[in-house]
Amino acid sequence: MKNYKEHLLNHNFPKQLSDLMNSNQFLKLFSVAALGLAVFALITLMTLGFKPPIVISLSESAIELNQIEKLPKPEDQIQQAAKKYISLRYKWEPANVVKNLELADAFIHPISKKAYLAAVSNVIKFSSEKQVSQRAYANAVNVNLQSKTVTVAGDRITSIQGMMAAGPLKVELTFENGDRTKENPWGVYFVKEKESL
């Protein structure tokens, strides 16, 4: 009798099946992880989407306003407009007198423009010819909403060809409300200006 040796052929099928199952497990695990991440992202997005926005209120001078102060008081707005007007109208030197007085023009009511331009043309001429500088500091600004007046009290320092003189600044401004502009964000326009000694 012949000796038969049987050789079992090692087929690759079981190994391939094992590799397929392992890769299948990996894909299932990856799919579950991707689904979990997508659900987490969706929940986070919905939570943030339904949350009210955080609003930071700032005044025109970049000071943070409290959340309770939804709108500034009219008196505060008028005071700020008056201070800005005084800083432009009464603070100048020969080099910038024209520019400052033109910027102050944004606070003048249209019915008073002609009188204002006549008054400031004398100031421009006087400042340029005599080398006059002026600085004004408003210490107290009082607003009367009933009479629509603003009383400004402060100090004024005038320099004529290097000679300094200090004196009080007392101005009463009559105002009207109008459109808010880039140059005049308060919408406060001065109709009448009365300076007292």
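Here we summarise the structure given alongside this text.

## Overview of helix α2 (residues 74–89)
Then, number 1: Across its 16 residues, α2 extends 22 Å between first and last C-alpha, which sits within 8% of the 22 Å expected from 1.5 Å per residue.
Then, number 2: Taken together, the buried positions of α2 are occupied by Gln77, Ile78, Ala81, Ala82, Tyr85, Ile86, Leu88 and Arg89. The buried side chains of α2 occupy one side of the element, clustering within an arc of 165° when seen end-on.
Then, number 3: Where α2 is buried, its residues meet α3 (97–104), α4 (113–130), β1 (132–144), β2 (149–160), β3 (163–177) and β4 (188–196).

## What to know about the pattern of salt bridges
Then, number 1: In this structure the tally under the stated criterion is 4 salt bridges.
Then, number 2: For aspartate 105, the salt bridge identified is with lysine 113, shortest N-O distance 3.1 Å.
Then, number 3: Look at lysine 113 and you get partly exposed, because its relative accessible area is 24%.
Then, number 4: Of the charged contacts, one joins glutamate 176 and lysine 148 as a salt bridge, the two residues approaching to 3.4 Å between their closest N and O atoms. A residue pair is termed long-range when its members are at least 10 positions apart, and glutamate 176 in strand β3 and lysine 148 in the loop between β1 and β2 qualify at 28 residues.
Then, number 5: You can call glutamate 176 partly exposed: its relative accessible area is 30%.

## Describing α3
Then, number 1: Along α3, the residues that are buried comprise Val97, Asn100, Leu101 and Ala104. The buried side chains of α3 occupy one side of the element, clustering within an arc of 95° when seen end-on. Projecting away from the buried face of α3 at angles above 90 degrees are the exposed residues Lys99 and Glu102.
Then, number 2: Those residues of α3 that are buried lie in contact with α2 and α4.

Conventions used here
Residues numbered from 1 in each chain as written. Predicted model: local features only at pLDDT ≥ 70, side-chain atom pairs only at ≥ 80, totals over all residues. Heavy atoms only, no water. Helix = DSSP H or I, 4+ residues; strand = E, 2+ residues; numbered from the N terminus. Expected span 1.5 Å × (residues − 1). Buried < 20%, exposed > 50% of the residue type's maximum accessible area, 1.4 Å probe, protein only. Arc of directions from axis to C-beta. Contact = heavy atoms within 4.5 Å. Salt bridge = Lys/Arg side-chain N within 4 Å of Asp/Glu carboxyl O.

Purely geometric numbers; function is a separate question.
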